[in-house]
Amino acid sequence: MTRPISLATSLVALLASSMAVAQVSPQSGSPAASGRTATAPTTIDLDTITVTAARAERSSAETPQSIQVIDRTEIEQQMKFSPNAAAALGKLVPGYSMSTQTVSSASENYRGRDLLVMIDGVPMNTPLRDVSRILSLIDLNTVERIELVAGASSLYGAGATGGTVNFITKKAAEGKPRVTVNTAIRGFTQNIGRSLAPEASVTVSGKVPDGIDYLFSGQIRGAGRTYDGAGRELPSDGLLGQGGGDRYKAGNLLAKLGYDFAGGKRIEFNASWIGFDQDPKYLTNYAAPFARPDRTKLYTGESVLEDTKSVSLRYSDADFALGKLSLLGYYNDIKKRFNYSTFSYPYNSQVYYSFNPLSPTSRDNQTTLYSQRGGLNATIDTSLDAILPGAKLTWGGDLIQEKTWQTLTSGQDVFTPLKQTTAAGFGQLQIPIGERVVLRGGLRYEHFSLSVNDYTRPAAYAAVAANNAQGYQAFVLPALRVLGGDFDYSALTANLGATIKLSETSEIFGGFSQGFALPDVGAFTRRAGISTQYACPVQLPNCLPANRQTISYSAIAPKAQIVNNYELGIRGSYDRFKGSLTGFVSTSDDGVTFDSVTNTMSQQKERIWGVEATGDVTITDAFTMGTVLSWREGRYDTNGDGRLDSNLPNNRIGSPWRGMLYGSYRFVNGMQFRVEGEAFSDRDVAIDLRGTRYKLKGAATMNVALTAPVWEGEAYVAVNNLFDRAYQNPTATSVRNLPNYGWGRTVTLGFRKTF
């Protein structure tokens, strides 16, 4: 039976439980308190190695930033509930938004800003046109661990204004071929038959004696219909043009070949393919009170598509004359096709025009993004022991070239075709001071050379609110010629921080870091002349005089932004407890905000701040508990007077409070039971000087999973949203400020085995 749980009660319970966990920890070290036998206490070690923080292997104790490593065990736990990497990050990473539960990561962010996504160090974003469709398509079956570094950074180039995530794929082990099989099938209890979502994955890896090591992996999965907790079918395109979570087929292929030479040298080749194909049945009804399928209108567009290929070649040499050398070359060929949608005031109030006012949406009102990106990264980690024992200098450079364009189904461009060359050099110095303090600081100079082609923005049909029978006044935005050119952007960014060791397993850390990025140029040029200043009456759709039919890129170009990140935290482990507590502030004079009502983008001064905490305690050898908690808020300057006068919109902040509490018990027969409670808060704040508010509703849900050893493998059953709670997904809702309901109760049955 469904049992509503109030958000306030849930958050209080979550906080109280977290405090209890923290209080229990010292006592649980006592055998009397824990009921353990008088054996040596089990110490929890922090993750000791990371490769993302400074482009060279560093222990977390040396890194003055908030770092989180999600290991293979945690990844497999989350795969029982969902194959979507965004869902795992939303639960386990404080500061990351809740997943939209669709193929799109629109409005998902890290500390209110963009997340740079990498697989084995290869960036997968499309920064010239940020379309946020990456995380949901990564195959977690191939991932050994996930490394996250919070805060702005320039060390891997543009895109990491909120943080960096690196998915490290598995490495083949010595010996005969090992085969891992994972199969699962999911369904919504509201309608099991129509919602079945099967998936299967096979990974083969091994190493020839004194020869190559190899890993080959393939995954296929699909999905039927999706339902909310009230039994309503969810739309295929609730986020307007982004793609949904239903009626799709998806696949991944990965091939890795490596060879270790004598003297610490290694060469490794990776090739991967990501495919996705969604076949919506109906268009979406975007009228209030919530997004839903419009069963009166069959979907008439082409399927929603992903076709991404990536290859990379890495050479490393641990005994290079100047230190440890790493050279990485890569190339991405990306194709993403989005949903077809039709005019619907007020949430889809702008479409490409058919020149028929009675049916204003062009048959070509569906776009495909293309991006080709190649790069070369060089990193050298040089020991400075001869000058100062323990000191290290990490240095190198990057050269990246990318082309990005987006077209209607007719082939016509929807923004200026872009080409960018990035050249950067960096140096990162690490100096130990005594036995307890490590200082780290660095500089990076980055130069963007952007080539903007001329193009003609297609004619659009749009509407604004009006006091008439329709409730809106329609107008035409005639085709507009955009004149391009060549533009250069450059900046010197810095970072400086320190860690202070409190004990062998805990430290205080803090520092300052900067990120540099040119924000979503494609989105700005796509909106060239999108204002009533360029509007024509529907009866005179080409009313603009000749001298107003052209606009230059320089008049609409975004400014490159520098984001400053400040943070202070403490992390460590004591006996059976480990945890972290971090506070942060990030600022920018040129932050980017999207207004879904006017379909415009703007840049302004802004500040975001928050607190994040994690905690895990092994209460007994069989019973563990853990929690993830975060709070964040932000304000910005809406009128350019230098004062932060309003709260940032929901698509930047979302629910300020979010948290998860879990407990896991392992029985003597090898079975394991896990319970998760998730909760997020309301948000109801003014986002401009007019007092505009879009309320987000908080909610709480519970998930359970049972795992059992079967046939020398692992069988599992998991239930997401156990009480079938009907709630609004806060991240999906904030994309257009139109309520989108979250998934109802789903049940997963699966089996995993390695042989």
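The structure we're discussing is the one just above.
All of the points below concern the structure found in this document. Note that this is a predicted model, so its numbers are computed, not measured.

So, on to the sheet that holds strand S23 (residues 480–483). Sheet architecture is open: three strands sit in the order S20-S23-S26, paired in mixed fashion. Single-partner strands in this sheet number two, and they are strand S20 (455–457) and strand S26 (550–552). The average undirected angle you get between the axes of adjacent strands in this sheet is 35°. For S20 and S23, the ladder comprises three bridges, and the chain directions are antiparallel. When the sheet's bridge partners are listed, Thr456 is paired in S23 with Arg481.

A few words on the state of the cysteines. Scanning the entire structure with this criterion turns up one disulfide. Two residues share a disulfide in this structure: Cys536 and Cys543, whose sulfurs sit 2.0 Å from each other. The chirality of the disulfide connecting Cys536 with Cys543 is left-handed, given an S-S dihedral of about -90°.

When you line up the elements, Ser655 lands in the loop between helix H8 (650–653) and strand S32 (657–666). At a separation of 2.9 Å, a polar atom in the side chain of Ser655 contacts the main-chain carbonyl oxygen of Ser681. Dropping the residues within four chain positions of it, Ser655 is found in contact with Phe680, Ser681, Leu696 and Pro730.

What describes a pair of aromatic rings is the distance from one ring centre to the other and the angle between the planes of the rings. Scanning all chains against the criterion turns up 22 aromatic pairs. Here the aromatic rings of Trp631 and Trp657 are separated by 6.4 Å at their centres, their planes lie at 45°, and the arrangement is tilted. With Trp631 in strand S30 (residues 623–636) and Trp657 in strand S32, the pair connects residues that are 26 residues apart, well separated along the chain. On the accessibility criterion, Trp631 (25% relative accessible area) is partly exposed. Linked through ring pairs, Phe343, Tyr345, Tyr353, Phe355, Tyr461 and Tyr472 together constitute an aromatic cluster. Between the NZ or CZ atom of Arg232 and the centre of the ring of Tyr741, over which it lies, the distance is 4.3 Å. The ring of Phe509 carries the charged tip of Arg571 above its face, separated from the ring centre by 4.1 Å.

A few words on helix H4 (residues 85–92). With eight of eight residues buried, H4 lies mostly within the body of the structure. Listed as buried for H4 are Ala85, Ala86, Ala87, Ala88, Leu89, Gly90, Lys91 and Leu92. Two to three positions downstream of the cap, the backbone nitrogen of Ala86 sits 2.8 Å from a side-chain oxygen, assigning the N-cap of H4 to Asn84.

Attention now goes to the pairing of strand S1 (residues 67–70). Residues Ile67 and Val69 point to one face of S1 and Gln68 and Ile70 to the other, with burial holding for every one of them. The pairing of S1 with strand S4 (residues 143–150) spans four bridges and is antiparallel. Looking at the pairing, Ile70 lines up with Ile146 of S4.

Before going further, it helps to spend a moment on the sheet that holds strand S3 (residues 122–123). Pairing is mixed across the open sheet formed by five strands, whose spatial order is S1-S4-S5-S2-S3. Across the chains shown, the open sheet's two edge strands, defined by having one partner strand only, are S1 and S3. Across seven bridges, S4 lies against strand S5 (residues 163–169) in antiparallel orientation. Directly across from Glu147, in S5, lies its bridge partner Asn166. Along the sheet face, helix H3 (residues 72–79) touches S1 and S4 and points at about 100° away from the line of S4. The strands touched by H4 are S1, strand S2 (115–119), S4 and S5; relative to S1, the strand with the most contacts, the crossing angle is about 130°.

Reading guide: rules and limits
Every chain's residues receive numbers from 1 upward, in the order its sequence appears when written. A pLDDT threshold of at least 70 governs which residues receive local features in this predicted model, and a stricter bar of 80 or more applies before side-chain atom pairs are shown or counted, although totals over entire chains, interfaces and linings include all residues. As a convention, hydrogens and water are excluded, and side-chain values are obtained from all of the structure's heavy atoms. Pairing between strands requires that DSSP locate at least two bridges from one strand to the other. Each helix corresponds to a stretch of at least 4 residues labelled H or I by DSSP, and each strand to a stretch of at least 2 residues labelled E; elements are numbered beginning at the N terminus. As a rule, the C-alpha atoms of each element are fitted with a line to give its axis, helices using only the stretch in contact, and angles between N-to-C directions run from 0 to 180 degrees. A pair of cysteine sulfur atoms is labelled a disulfide when the two atoms are within 2.5 Å. Polar contacts here mean pairs of N or O atoms no more than 3.5 Å apart (in protein, one a potential hydrogen donor and the other a potential acceptor; neighbouring residues in sequence count only if both atoms are side-chain atoms). Contacts were defined at the residue level, with two residues in contact if any of their heavy atoms lie within 4.5 Å. Centre distance within 6.5 Å is the pairing criterion for rings of Phe, Tyr and Trp, where only the six-membered ring of Trp is used; planes under 30 degrees apart are then read as stacked, over 60 as edge-to-face, and the remainder as tilted. A simple rule labels every residue: compare its accessible area, found with a 1.4 Å probe on the protein chains alone, to the largest value its type can have, and call it buried under 20%, exposed over 50%, or partly exposed in between. Placement of a charge over a ring requires the Lys NZ or Arg CZ to be within 6 Å of the ring centre, with the centre-to-atom vector within 35 degrees of the ring normal.

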